[in-house]
Structure formats: C-alpha cells, structure tokens
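Residues per chain are reported as follows:
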Amino acid sequence: ASQGLPANHPTIGGAGAGQNAGGDPQAMRAEVASSIEKARKEPDNFDAQVKAAELYYQIQRYDQAIEFLLKANTLKPTDYRTVVILGMVNLDAGHYDTAEKWYRAAMKMKSDDVMVLSGLAAATLERGDAKAAEDAIAKLEKVDPNSQDLPQFKDKLASLKAGK
C-alpha cells in the first residue's frame, strides 16, 4: 500500500485496533466486528464511523474504509482530519481523482499542511496531470523546502513532462 506515498504519510489508528486484545487474533477479530457493527447500528455516531473506517484501512479494505469516512464526513463536514483521511485513503486505493478532490477540500481549510500538500502532489502525479502536479510541488516546496518527498516528486514530474 505504500507505493508512491509521501514519506510523512501517517499510519491511521495505529495502536487503536486490538490494543485490548493482547495479541489474541480471535479477541481482535471480535473487537473489530463489534466496532463495525456499532458503526452500522449507529449511523449518526461520528466516532463509530471513524473507528470502523480506521479498522478497515488497517487491513487495506479501502473501499469499506471510504464508505464509513463518507458517513463521518456527512455528519461533520468541517472535520479537517476526516477530510484529510478521505484524501489519503482514496490515494492508497488508487482513486487519484477523488483523492485530489479531498486534498483540495482540505487545503481550503488549511493551506499549509505538509502532509496534504504531499498527498496532493502524489495524486496529481499519479493522474499524469503535469500542470497540477507542478503547482502542488511548488506549494509543498514553499511550505517545506526540505521535504524528503520533493526529490522523488520532481523526478516523477520530469519523467511525466518528458512523456515517459
């Protein structure tokens, strides 16, 4: 899942899933199942939607994660973290147009988030949109001139412009 992802791409949830299960796979599965069931039974529970999305993300079931994130976004459209995660999960899922849309929405809320700018650059490069990628890379470089993603993004942009 890490193909072409920005180096500062965060892990979602991390210690959240299975932390009470003590490494017992069966207990972890039960915890996951109950979290997902709770999200389905309580469609108006924002936190339950996000938790279910994070659990699905961890097992790389991106489309299911997106389904719960979209519900969460409907409940709290101005929640910045949800908008950013929608960009990130769509990027991981290979939905580059949709990822770009969510990253641009996040930029309207906060224009100098390095992770969002990296994600936008990655999404536009993957889409093959040299102009949009160049703009995203320039914004990233302005906010974080030492970003470890810049060299790879610039190389990819050069290849894109050269028609490779």
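Residues numbered from 1 in each chain as written. Predicted model: local features only at pLDDT ≥ 70, side-chain atom pairs only at ≥ 80, totals over all residues. Heavy atoms only, no water.

### Digging into the overall build of the protein chain
Inference 1: For the protein chain, the helix and strand inventory stands at eight helices and zero strands.
Inference 2: Burial status across the protein chain gives 42% buried among its 164 residues.
Inference 3: Of all intrachain contacts in the protein chain linking residues separated by at least 6 positions in sequence, the fraction that spans at least 24 positions is 54%.
Inference 4: Surface accessibility of the protein chain: about 8600 Å² in total, with carbon and sulfur atoms responsible for 50%. (Helix = DSSP H or I, 4+ residues; strand = E, 2+ residues; numbered from the N terminus. Buried < 20%, exposed > 50% of the residue type's maximum accessible area, 1.4 Å probe, protein only. Contact = heavy atoms within 4.5 Å. Areas by Shrake-Rupley, 256 points an atom, 1.4 Å probe, with all protein chains shown as cover.)

### Structural notes on helix α2 (residues 46–58)
An α-helix turns once per 3.6 residues; consequently, residues spaced three or four apart project the same way.
Inference 1: Across its 13 residues, α2 extends 19 Å between first and last C-alpha, which sits within 8% of the 18 Å expected from 1.5 Å per residue.
Inference 2: Across the 13 residues of α2, ten count as buried, placing the element largely inside the fold.
Inference 3: The inward-facing, buried residues of α2 abut α1 (25–41), α3 (62–75) and α4 (80–93).
Inference 4: Put simply, Asn45 is the residue that caps the front of α2, since its side-chain oxygen is 3.2 Å from the backbone nitrogen of Asp47.
Inference 5: In the stretch just after α2, Gln60 is the one whose phi turns positive, near 60 degrees. (Expected span 1.5 Å × (residues − 1). Polar contact = N/O pair within 3.5 Å; in protein donor to acceptor, adjacent residues only side chain to side chain.)

### Some details on α3
Inference 1: The terminal C-alpha atoms of α3 lie 20 Å apart, and with 14 residues this matches the ideal 20 Å at 1.5 Å per residue to within 8%.
Inference 2: Those residues of α3 that fall on the buried side of the exposure criterion are Tyr62, Ala65, Ile66, Phe68, Leu69, Ala72 and Asn73.
Inference 3: Where α3 is buried, its residues contact α1, α2, α4 and α5 (96–109).

### A closer look at the pattern of salt bridges
Note that side chains of opposite charge can pair when their charged atoms are close.
Inference 1: Here the structure, examined in full by the defined rule, presents 13 salt bridges.
Inference 2: Measuring nitrogen to oxygen at the nearest pair gives 2.8 Å for the salt bridge that ties Asp129 to Arg127.
Inference 3: In this structure Asp129 comes out as partly exposed when scored by relative accessible area, which is 25%.
Inference 4: In this structure, the salt-bridge partner of Asp135 is Lys131, at a minimum N-O distance of 3.1 Å. Highlighted residues: Asp135 and Lys131, both in helix α7 (residues 130–143), separated by four residues, approximately one helical turn.
Inference 5: Among the residues examined, Asp135 registers a relative accessible area of 34% and is labelled partly exposed.
Inference 6: If you follow the salt bridges from partner to partner, you end up with Asp97, Glu100, Arg104, Arg127 and Asp129 in one network. (Salt bridge = Lys/Arg side-chain N within 4 Å of Asp/Glu carboxyl O.)

### Considerations on the packing of α2 against α4
Helices that pack against each other are described as a pair by the angle of their axes relative to one another and the distance between those axes.
Inference 1: Orientation of α2 relative to α4, taken along the N-to-C sense of each, is 25 degrees, at an axis distance of 12 Å. Comparing the axis directions of α2 and α4 gives the class roughly parallel. The crossing of α2 and α4 is left-handed. Contacts between α2 and α4 pair Phe46, Val50, Glu54 and Tyr57 from the former with Arg81, Thr82, Met88, Val89 and Asp92 from the latter.
Inference 2: Grouping the constituent residues of the contact of α2 with α4 by class yields five nonpolar, one polar and three charged. (Axes fitted to C-alpha atoms, helices over the stretch in contact; angles between N-to-C directions. Parallel < 35°, antiparallel > 145°, perpendicular 65-115°, else oblique. Left-handed = near helix turned anticlockwise from the far one by under 90°. Nonpolar A, V, L, I, M, F, W, Y, C, P; charged D, E, K, R; others polar.)

### Focus on the packing of α5 against helix α6 (residues 114–127)
Inference 1: One way to put it is that α5 packs onto α6 with a least axis distance of 9 Å and a crossing angle of 150 degrees. It follows that α5 is roughly antiparallel to α6 by the angle criterion. Judged by the twist between their axes, the crossing of α5 over α6 is left-handed. Along the contact surface, α5 presents Tyr96, Asp97, Ala99, Glu100, Tyr103, Arg104, Ala106 and Met107, while α6 presents Val116, Leu117, Gly119, Leu120, Ala123, Thr124, Glu126 and Arg127.

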